[in-house]
Amino acid sequence: RIVSMENLESFRPANITNILWAFAEARESHPKLFEVMAEHVVSSDVLRTFESKDLSNMVWAFAQTGELNPGEKYPRFFQKVAEHIVGHSVKGYTRRELSIISVAFDKAGEKYPQMIKRMGDYLKGVNNIGGMPDYK
């Protein structure tokens, strides 16, 4: 066993993201690890503690799990992230982070029009007032 739900309470968001990102980047499938991490995100309020970089990289990792149809395997995870983005400010996100999230949702086959609208409205607004950084 790599990690259990009990252990995750002591993990910082960056720890969670880095573990998932490493497996995805190495193209190593570990369904149980991703299931435990997805359940942690779904069953807690942990997303509010994630910085934009960590959130975008975590979503990317779930879309890159190497499994067919990650959106079908982890629908509650993608739904929770979409609801988080719709319900919270995306101020402070870079274009790159918003792009990563959008592409990851598309790759996973997950469509959340409200989330895409929220991100698009934000991008239109910041473009009208002088732009935003591509990277932090």
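The structure under discussion appears in the preceding block.
Since this is a predicted model, take the numbers as computed values, not measurements.

What counts and how
- Residues numbered from 1 in each chain as written.
- Predicted model: local features only at pLDDT ≥ 70, side-chain atom pairs only at ≥ 80, totals over all residues.
- Heavy atoms only, no water.
- Phe/Tyr/Trp six-rings, centres within 6.5 Å; stacked < 30°, edge-to-face > 60°.
- Helix = DSSP H or I, 4+ residues; strand = E, 2+ residues; numbered from the N terminus.
- Core = buried A, V, L, I, M, F, W, Y, C linked by side-chain atoms within 4.5 Å.
- Buried < 20%, exposed > 50% of the residue type's maximum accessible area, 1.4 Å probe, protein only.
- Contact = heavy atoms within 4.5 Å.
- Expected span 1.5 Å × (residues − 1).
- Salt bridge = Lys/Arg side-chain N within 4 Å of Asp/Glu carboxyl O.

J.: I'm lost on the packing of aromatic side chains in this one. Help?
T.: The description of an aromatic ring pair rests on the distance of the ring centres and on the angle between the ring planes. In the structure shown here, the tally under the stated rule is 7 aromatic pairs. With a centroid separation of 5.2 Å and an interplanar angle of 80 degrees, the aromatic rings of F62 and Y74 are classed as edge-to-face. Within this pair, whereas F62 is found in helix 4 (residues 52-63), its partner Y74 is found in the loop between helix 5 (70-73) and helix 6 (75-87), the two being separated by 12 residues in sequence. Judged by centre distance (3.9 Å) and plane angle (25 degrees), the ring pair of F62 and F77 falls under stacked. Of this pair, F62 sits in helix 4 while F77 sits in helix 6, and the two are 15 residues apart along the sequence. Here the aromatic cluster, defined as three or more aromatic residues joined through ring pairs, consists of F34, F62, Y74, F77, F78, F105 and Y112.

J.: Would you mind showing me how to read the nonpolar core here?
T.: Among soluble globular proteins, nonpolar side chains are generally buried collectively. L20, L55, M58, F62 and F77 are the most contacted members of the largest nonpolar core, which has 36 residues in total. Among the secondary structure elements, those contributing two or more residues to this core are helix 2 (13-25), helix 3 (31-43), helix 4, helix 6, helix 7 (95-107) and helix 8 (113-128). Among the elements that take part in this core, helix 3 stands out by supplying 7 residues, more than any other. Not counting residues within four places of it along the chain, the set of residues in contact with F62 comprises L20, F34, M37, A38, P70, Y74, F77 and F78.

J.: Explain helix 4 to me, please; I cannot follow it from the model alone.
T.: Owing to its 3.6 residues per turn, the α-helix brings residues three or four apart onto one side. Look at helix 4: 17 Å from first C-alpha to last across 12 residues, which is about the 16 Å you get at 1.5 Å a residue. Buried residues of helix 4: S52, D54, L55, S56, N57, M58, V59, A61, F62 and A63, and no others. Residues of helix 4 that are buried make contact with helix 2, helix 3, helix 5, helix 6 and helix 7.

J.: Even after reading the chapter, I still don't get the pattern of salt bridges, so can you show me in this structure?
T.: Where charged atoms of side chains with opposite charge meet at close range, the side chains can pair. Enumeration over the complete set of coordinates arrives at 6 salt bridges. A salt bridge links E35 to K73; the shortest N-O distance between them is 3.1 Å. With E35 in helix 3 and K73 in helix 5, the pair connects residues that are 38 residues apart, well separated along the chain. Overall, E35 belongs to the partly exposed group, its relative accessible area being 33%. For D106, the salt bridge identified is with K111, shortest N-O distance 2.9 Å. Residues D106 and K111 agree in their burial class; the two are exposed. Salt bridges here are not isolated pairs; linked through shared partners, they connect K117, D121 and K124.

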